Amino acid sequence: MAISTQADSATSSRISRLLSRSLVKPMVTPLVPGDFLELVNPLRFGRGLRGRIEQVLSETADARTLVIRPGRGWRAHRAGQFVSIGIDIKGVRHSRCYSISSAPERADGCFSITVKAVDGGRVSTHLVREAQTGMLIHLSPAEGEFVLPSVSADPLLFVTAGSGITPIMSMLRSLAARDAMTDAVLIHYAPTPADCIFADELRALAERFPQLRVHLVNTRATGDAALSGHFSTAHLEQVCSDWQTRQAYACGPRALLATLDAIWSQAGVAERLQVERFQAALAPANAGAVGGEVRFSRSGRLAQADGAKPLLEVAEAAGLAPAHGCRMGICHGCMVTLKSGCVRDLRSGHIHRDSGELVQICVCAAAGDVEIEL
Amino acid sequence: MSRSQARSTLPKALRKPARASRKPSTAATLRTRLSDADAKAFGEALDAIREQTLASLGEADAAYIRRMIRIQRGLDVGGRALIYAGIFAPPAWIAGVLALGSAKILENMEIGHNVMHGQWDWMRDPAIHSSTWEWDNTCPADQWKNTHNVEHHTWTNVLGKDRDVGYGILRMSDKQAWHPYYLLNPIANALLAVFFQWGVALHDSEMDQLRTTGTLKPESRAKLKGMWRKARKQVLKDYVLFPALAGPFFLPVLAGNIVANLIRNLWSYMIIFCGHFPDGAETFTEAEIANETRGRWYLRQLLGSCDIEGGKLMHVMSGNLSFQIEHHLFPDLPSNRYAEIAPKVRALCQQYGLPYNSGSLTKQFGSVMKTVFRLALPDRMPRLATLG
């Protein structure tokens, strides 16, 4: 099945390449053949990488696993990698990165992500509440260096919390699928047993593979488990005293990762710890912030800006010459990618804080420190 | 006309505003129509309409533009197929030409023009974005965005700044001084209508400088090259490849494509000329707009633009440029919203005692035609006759 799917997509990509190169391209100019073909089948012929949600599985009250069939152009991920998911909410495209939770060895050619609704997280909440079978989404190729070495006999340690389990789940599923489970310890934190994603499957894996030890820790409820409460060195010593000799992988909230970083550094084994950090796509909203340091990412220049001076003028004062037109917000000729931080639209006071968003620099000013692609 | 002649007798008014503006006029001017306080309040009311509309954009709007794109692509493919079918059944040729012409009109007006304005940038879909869209027209997107979004929309109807006033070849305002060349006004106008996409394509290269300086500046040469890089693909598609695919029936397919392009040219010319040239639309001088506030910028957009009244189909086929006033006030608001904005703008105009120029296509286009013919001849008023 997997082979036939791959062969299928290889054939269809050959066909569309042929279409593009031949006479078709000049006949559809200024569009490309995909612009027409995607009206027939967006998954196969679309301009960008697309996916279709095949299944929505409920993991916990606020977490869902989405099984996604990727379209043409997808290449199998490596366990631990993440993918960027683009969906339209109220007509606006939003993209967020999610770790893939399935094993690359999955037989049906699909992959899955597991999303936990985050308070105030527009995309995660939308995916958990609204995702339905048949929904089309935009994808980026799988990427990331948070992966197991291809050949290694080192014992492993995984420390995760909340939805941080997802990349590790992909690794464990992959090890299981290849029957290559090594000596591994997983310490996973969730508020209560009901919040623990993949609890049953993790226990089953531990039963199947004696070399895998799984500790599911509840931070809020105190059960009969050996461990409870938030992560501490004591936990580590208690269930995995040889932690310094293991290759460690960690994924979870910032605070947890910072703690782990400190502990591993102090022990002088920082190189044995790999962490997966997701940079928040949204800058923290700071409605009151006015002005700040402006970093121009491409030129590497820095400037101080007040809250009233449009970024176009700030850039020009810093010796840059950004493309622009009307200088009054009507021609859209000055749009620049917001890398991080917030900008304020001086006409409406509206704050833009989505990293990757294109903003009109002739009418937007810094609202706090900001980085733009210039 | 020889080059030296061209230099000495060029119609200066094309580039420089006439001096008439320096004379105090009895008519209401940009300054006297609204007090500073009223201009400010007027601007704020329009800003509020803009914010209100922006805040209410959502799924239905996104579905609208995507549906338009689907319809347009369907008409394009269907139209071309019908033109081929016309080889065997001539009525299909007519249907095909109409469908292809409509596809080009929709693509250029309701989709291309509006997407390139950034009306759909809020969706953050890279495939429907002002920075990436290229339209089915001989004019390259980047040049269009310069002459249209920047020059025309920022400097609307300002003589010497907005080159859309007469497109460098016509006399469309009596503030442009008369010159014998303008006796050709009706002929130049007809040629522009027939070859409108080429007029648009050549616009950014400022070909009229050939008449004034006898040569092209380097930027214009570069733009001309860029235009031809785009235009030759369009020519190859419509006038070589699709006809060639019909083999021995090259000519009927070629004719079909020529007529489809002609339909688009005539229609878009007509709609666009009804936007700023009917009776009552005002032109301005640079002096008049010195230190223009946001409120007065809005006022100028209003006074320089005219709406066309009509049914839903007319609005869609005009790219909602039938709401030219609303489009000029809010060039980057999605076109499907102009219809609901129009009554609010009209009410605001009533409140401030401002004209709101609106009429049927026949009325507006009729008055444009009158202007084309009237301004071909010199003005009878001696005051203007001494100018230029």
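Residues numbered from 1 in each chain as written. Chains lettered and ligands numbered in written order. Predicted model: local features only at pLDDT ≥ 70, side-chain atom pairs only at ≥ 80, totals over all residues. Heavy atoms only, no water.

### Re the overall build of chain B
Looking only at helices and strands, chain B has 17 helices and 2 strands in total. Taken over C-alpha atoms, the radius of gyration comes to 22 Å for chain B, in line with the 21 Å a tight globule of 388 residues would show. Counting only C-alpha atoms, chain B reaches 65 × 60 × 40 Å along its principal axes. Across the 388 residues that make up chain B, the buried fraction comes to 56%. Of the contacts made within chain B by residues no fewer than 6 positions apart, 72% connect residues no fewer than 24 positions apart. Accessible area for chain B stands at about 16400 Å²; split by element, carbon and sulfur atoms hold 64% of it. Side-chain charges of chain B comprise 47 positive and 35 negative groups, with the mean position of each set lying 7 Å from the other. (Helix = DSSP H or I, 4+ residues; strand = E, 2+ residues; numbered from the N terminus. Rg over C-alpha atoms; globule rule 2.2 N^0.38 Å. Buried < 20%, exposed > 50% of the residue type's maximum accessible area, 1.4 Å probe, protein only. Contact = heavy atoms within 4.5 Å. Areas by Shrake-Rupley, 256 points an atom, 1.4 Å probe, with all protein chains shown as cover. Lys, Arg positive; Asp, Glu negative; His and termini not counted. Charge placed at Lys NZ, Arg CZ, Asp CG, Glu CD.)

### Re the overall build of chain A
From N to C terminus, chain A includes 10 helices and 17 strands. If you line up chain A on its principal axes, its C-alpha atoms span 70 × 55 × 35 Å. Burial statistics for chain A: of 374 residues in total, 49% are counted as buried. Across chain A, the fraction of contacts at a sequence separation of at least 24, relative to all contacts at a separation of at least 6, is 65%. On chain A, roughly 17200 Å² of surface is accessible, and the fraction owed to carbon and sulfur atoms is 50%. Put simply, chain A has 39 plus and 36 minus side-chain charges, and the middle of one group is 6 Å from the middle of the other.

### Focus on the confidence of the model for chain B
Residues and elements named next belong to chain B. Here chain B averages 91 in pLDDT, while 91% of its residues score no lower than 70. In this model residues 1–26 is a low-confidence stretch, pLDDT under 50, and it forms 35 contacts with partners more than four residues away in sequence or in other chains. Segment residues 382–388: pLDDT under 50, and 12 contacts once partners within four positions in sequence are set aside and those in other chains are kept. (pLDDT = per-residue confidence, 0-100.)

### Looking at the state of the cysteines
What the rule picks out here adds up to 0 disulfides over all chains. Cys 331 of chain A supplies the cysteine sulfur nearest to Cys 139 of chain B, a cysteine that is in no disulfide, at a spacing of 15 Å. Cys 139 of chain B sits in the buried class, given a relative accessible area of 1%. (Disulfide = S-S within 2.5 Å.)

### Some points on the confidence of the model for chain A
Residues and elements named next belong to chain A. Of the residues in chain A, 92% reach a pLDDT of 70 or more, and the chain-wide mean stands at 91. Predicted confidence in chain A is weakest over helix H1 (residues 2–21), with a mean pLDDT of 62, and strongest over strand E2 (residues 63–70), with 98. For the stretch residues 1–5, pLDDT sits under 50, and the model shows 3 contacts to residues farther than four places along the chain or on other chains.

### A closer look at the interface of chain A and chain B
How large an interface is tends to be reported as the accessible area lost when its parts come together. Residue-level contacts link 29 residues of chain A with 41 residues of chain B. Taking both sides of the interface into account, the surface hidden between chain A and chain B amounts to around 2900 Å²; carbon and sulfur atoms contribute 61%. Across the contact surface, chain A and chain B share 4 salt bridges. A salt bridge links Arg 124 of chain B to Glu 357 of chain A, with the shortest nitrogen-to-oxygen separation between them at 3.3 Å. (Buried area = accessible area lost by both parts, 1.4 Å probe. Salt bridge = Lys/Arg side-chain N within 4 Å of Asp/Glu carboxyl O.)

### Let's talk about the sheet that holds strand E8 (residues 184–190) of chain A
Each strand in a sheet pairs with another by means of backbone hydrogen bonds, the pair being arranged parallel or else antiparallel. All names here are of chain A. The strand order across the open sheet built from 5 strands is E9-E8-E7-E10-E11, with neighbouring strands paired in parallel fashion. This sheet does not close on itself; its edge strands, each paired only once, are strand E9 (212–218) and strand E11 (273–276). Here the average twist between neighbouring strands, direction ignored, is 15°. Across the sheet, helix H6 (residues 165–177) is in contact with strand E7 (156–161), E8, E9 and strand E10 (247–251); its angle to E7 comes to roughly 145°. Relative to E11, helix H9 (residues 254–266) is tilted by about 165°, and along the sheet it contacts E7, E10 and E11. (Pairing = 2+ DSSP bridges. Axes fitted to C-alpha atoms, helices over the stretch in contact; angles between N-to-C directions.)

### Things to note about empty space enclosed by the protein
Residues and elements named next belong to chain B. A complete count under the given rule lists 7 cavities of 30 Å³ or more for this structure. Its boundaries defined by the atoms lining it, the largest cavity holds a volume of some 310 Å³. Taken together, 25 residues line the largest cavity, and the ones lying closest to its centre are Trp 144, His 148, Phe 196, Val 200 and Ile 272. Residue assignment for the lining of the largest cavity shows that the elements contributing at least two residues are helix H5 (90–116), helix H6 (141–154), helix H8 (196–203), helix H11 (250–276) and helix H14 (324–329). When the residues that make up the lining of the largest cavity are grouped by side-chain class, the tally is 8 nonpolar, 15 polar and 2 charged. (1 Å grid on protein atoms, 1.4 Å probe; cavity = no way out; pocket = protein on both sides within 12 Å on 5 of 7 lines; lining within 4 Å. Points joined across faces, edges and corners; volume = space filled by probe spheres on them. Nonpolar A, V, L, I, M, F, W, Y, C, P; charged D, E, K, R; others polar.)

### Thoughts on the nonpolar core
With 51 residues, the main nonpolar core has Ile 65, Trp 120, Trp 267, Ile 271 and Phe 273 of chain B as its most contacted residues. In contact with Ile 65 of chain B, not counting residues within four places along its chain, are Glu 110, Ile 111, Trp 120, Met 123 and Ile 128 of chain B. In terms of nonpolar packing, the next biggest core, distinct from the first, is built from 32 residues, Cys 326 of chain A together with Ala 39, Val 150 and Tyr 338 of chain B among them. (Core = buried A, V, L, I, M, F, W, Y, C linked by side-chain atoms within 4.5 Å.)

### Notes on the side chain of Asp 379 of chain B
Residues and elements named next belong to chain B. Structurally, Asp 379 can be placed in the loop between helix H16 (361–374) and helix H17 (382–385). For Asp 379, a relative accessible area of 19% puts it in the buried group. Within the structure, Asp 379 has its side chain in polar contact with the side chain of Arg 171 (distance 2.5 Å). (Polar contact = N/O pair within 3.5 Å; in protein donor to acceptor, adjacent residues only side chain to side chain.)

### Examining the packing of aromatic side chains
Scanning the entire structure with this criterion turns up 19 aromatic pairs over all chains. Relative to Tyr 249 of chain A, the ring of Phe 146 of chain A lies with its centre 5.6 Å away and its plane at 75°, an arrangement referred to as edge-to-face. With Phe 146 of chain A in the loop between strand E6 (136–139) and E7 and Tyr 249 of chain A in strand E10, the pair connects residues that are 103 residues apart, well separated along the chain. You'll find Phe 146 of chain A and Tyr 249 of chain A in the same group, each marked buried. Where Trp 135 of chain B meets Trp 144 of chain B, the ring centres are 4.8 Å apart and the plane angle is 45°; that geometry is what we call tilted. Judged by its relative accessible area of 3%, Trp 135 of chain B is buried. Owing to a relative accessible area of 9%, Trp 144 of chain B belongs among the buried residues under this scheme. Over the ring of Tyr 181 of chain B we find Arg 211 of chain B; its NZ or CZ atom is 4.7 Å from the centre of that ring. (Phe/Tyr/Trp six-rings, centres within 6.5 Å; stacked < 30°, edge-to-face > 60°. Lys NZ or Arg CZ within 6 Å of the ring centre and 35° of its normal.)

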